[in-house]
Amino acid sequence: MMSSVKVECVVKESALIGEGPVWEESEQTLLFVDIGGQKIHRWSPSTNQIQSLETGESVGFVVPRRSGGYVAGVGRSIVAVDWSTQMMTPLLEVDEDKKNNRLNDGKVDPIGRLLAGTMGKETRPAEVQRQQGSLFSVNSDLSVTKHLNQVDISNGLDWSLDQKTFFYIDSLSLTVDAFDYDLLSGHIGNRRVVYRMEEGEGLPDGMTCDADGRLWVACYNAGRVIRIDPVTGVRLQTVSLPVTKTTSCCFGGPDYSDLYVTSASLGLNQSEQQLAGGTFRVTGLGVKGRPSTSFTG
Ligand code: BGC
Ligand code: CA
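Heads up: these notes are all about the structure in this document. For every chain, the first residue of its written sequence is number 1, and the numbers climb from 1 along that sequence. Here the convention is simple: chains get letters from A, ligands get numbers from 1, in the order in which they are written. A pLDDT threshold of at least 70 governs which residues receive local features in this predicted model, and a stricter bar of 80 or more applies before side-chain atom pairs are shown or counted, although totals over entire chains, interfaces and linings include all residues. Here the side-chain values reflect all heavy atoms present in the structure, with hydrogen atoms and water set aside.

## Thoughts on the sheet that holds strand 14 (residues 133–138)
Strand order in the open sheet formed by four strands is 10-11-14-15, with antiparallel pairing between adjacent strands. The open sheet has two free edges, formed respectively by strand 10 (102–108) and strand 15 (144–151), since each of these has just one partner strand. Within the sheet, the average angular offset between the axes of one strand and its neighbour, ignoring direction, is 20 degrees. A pair of strands is labelled paired if DSSP reports no fewer than 2 bridges between them. Segments assigned H or I by DSSP are reported as helices when at least four residues long, segments assigned E as strands when at least two residues long, and all are numbered from the N terminus. By the bridge criterion, four bridges tie strand 11 (residues 114–119) to strand 14 in an arrangement that is antiparallel. Bridge assignment links Leu115 to a residue of strand 14, and that residue is Ser137. In this description, a line fitted to the C-alpha atoms serves as the axis of each element, helices being fitted only across the stretch in contact, and the angle between N-to-C directions of two axes falls anywhere from 0 to 180 degrees.

Put into structure tokens, the structure is as follows:
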């Protein structure tokens, strides 16, 4: 097969744990977070400018909000972010009984509900006190529904094209799972494994569903993103990156044909991997992604 896949490092500024990329269509910018560096970044491909906001605590995700600005997961709080004034307003807290937990990945479902998960305290990268995390949804009235507890590292999430399946990663299980998803009630059920990581594929981290219904999964500690078919459980493609700690990915660009991949540098010797912590763009995949949904709350 002819391959014109190209990988380039587009944001060289090194994040401790670059994560949670999301393409903001209205601004044509890439939003992402640096969890350990406690920052939200907004990068414009056309100007190559990066704007940043310090969150003061770890920040697990950021997503656009329909009423304007963003919503982010800072520590155990969901906060509203006004980008123009750089103001953050706390909206609610999760895991009040687990003060050492922090929010990790989060994403907005097809009707504007936010799903986000937590994890316990990490002593070293990917070493956590197990089963401390949870998975929640935050409805538009800001009420919270808890779906799961005993999660190790709540990570990647996305929905199938028909909106009836919710894909979810608890990293230490080394699997990508699926649930039946009831879009109206937000209820999840019938959990099953759709993909088991193979030898050398590391830990599954962030993921995104493309316009063909296939999942792109960032493989933490394995320097790659894999494309899997959640229906057959088959890995269709592997894209290698020049850094080992690939953390998450999303499609973006004017027609959603560029795959953006974030990475982490925490725990690595920077001289071994100069681009560790950078953000990468993969072009020439011949696949498109889908626009992100904004949070309605
Ligand atoms: C977490 C990291 C963790 C990594 C690997 C990331 O989503 O934020 O703290 O080390 O996943 O599981
Ligand atoms: Ca992640």
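From this point, things continue past the structure.
## Focus: empty space enclosed by the protein
Using a 1 Å grid laid over the protein atoms alone, points where a 1.4 Å probe fits but cannot get out form a cavity; open sets with protein on both sides within 12 Å along at least 5 of 7 lines form a pocket; any residue with an atom within 4 Å of a point counts as lining. Grid points are joined across faces, edges and corners, and a volume is the space filled by probe spheres set on the points. A complete count under the given rule lists one cavity of 30 Å³ or more for this structure. Considering only enclosed or pocket space, the largest cavity measures out at about 180 Å³ in volume. Surrounding the largest cavity, 19 residues form its lining, Glu19, Glu122, Asn155, Asp205 and Tyr220 being those nearest its centre. Those elements that place two or more of their residues in the lining of the largest cavity are strand 10 and strand 20 (203–209). Per element, the largest residue contribution to the lining of the largest cavity is three residues, and it comes from strand 20. Under this grouping Gly is polar, as are all residues other than the nonpolar Ala, Val, Leu, Ile, Met, Phe, Trp, Tyr, Cys and Pro and the charged Asp, Glu, Lys and Arg. Here the residues of the lining of the largest cavity are counted per class, giving eleven nonpolar, three polar and five charged.

## A short note on the pairing of strand 19 (residues 188–196)
Judged from the six bridges that link them, strand 18 (residues 175–181) and strand 19 form a sheet pairing that is antiparallel. Note that in strand 19 the partner of Asp177 across the bridge is Val193. Linking strand 18 to strand 19, which pair antiparallel, is a turn of six residues; within it Gly186 sits at a positive phi near 80 degrees.

## Remarks on the coordination of the calcium ion (ligand 2)
Coordinating donors are taken to be N, O and S atoms lying within 2.8 Å of the metal, or within 3.2 Å when the metal is Na, K or Ca; because water is excluded from the atom set, some sites may appear incomplete. Within the protein, Glu19 (OE), Glu19 (OE), Asn155 (OD1) and Asp205 (OD) serve as the donor atoms for the calcium ion (ligand 2), at 2.2 to 2.8 Å. Each donor residue of the calcium ion (ligand 2) belongs to the same chain, and together they define the spacing E-x135-N-x49-D. Note that Glu19 is positioned in strand 2 (residues 18–24) and Asn155 in strand 16 (residues 154–159), a separation of 136 residues in sequence. Exposure classes here rest on a 1.4 Å probe applied to the protein chains alone. A residue is buried below 20% of its type maximum, exposed above 50%, and partly exposed in between. Classification of Glu19 as buried rests on a relative accessible area of 3%.

## Details of the layout of surface pockets
Estimates place the volume of the largest pocket at around 450 Å³. Along the walls of the largest pocket sit 32 residues, with Lys107, Asp158, Pro291, Ser292 and Thr293 positioned nearest its centre. Breaking the lining of the largest pocket down by element, the ones donating at least two residues are strand 2, strand 6 (59–64), strand 10, strand 16, strand 20 and strand 24 (246–252). Residues of the lining of the largest pocket, tallied by class, amount to 18 nonpolar, nine polar and five charged.

## Structural notes on the site of ligand 1
If a single non-hydrogen atom of a residue is within 4 Å of a molecule or strand, that residue counts as near it. The full set close to ligand 1 counts 13 residues, and Glu19, Arg102, Asn104, Glu122 and Asn155 are the nearest of them. Side-chain atoms alone can form a polar contact between residues adjacent in sequence; in general such a contact is a pair of N or O atoms within 3.5 Å, and within protein one must be able to donate a hydrogen while the other accepts it. Here an oxygen atom of ligand 1 and a side-chain polar atom of Asp205 are 3.1 Å apart. At a threshold of 2 Å from the grid points, most atoms of ligand 1 map onto the largest cavity. Where the shell around ligand 1 is concerned, the elements lending two or more residues are strand 10 and strand 20. Of the residues contributing to the shell around ligand 1, the split by class is six nonpolar, three polar and four charged. Think of it this way: a molecule belongs to a cavity or pocket when more than half its atoms come within 2 Å of the grid points there.

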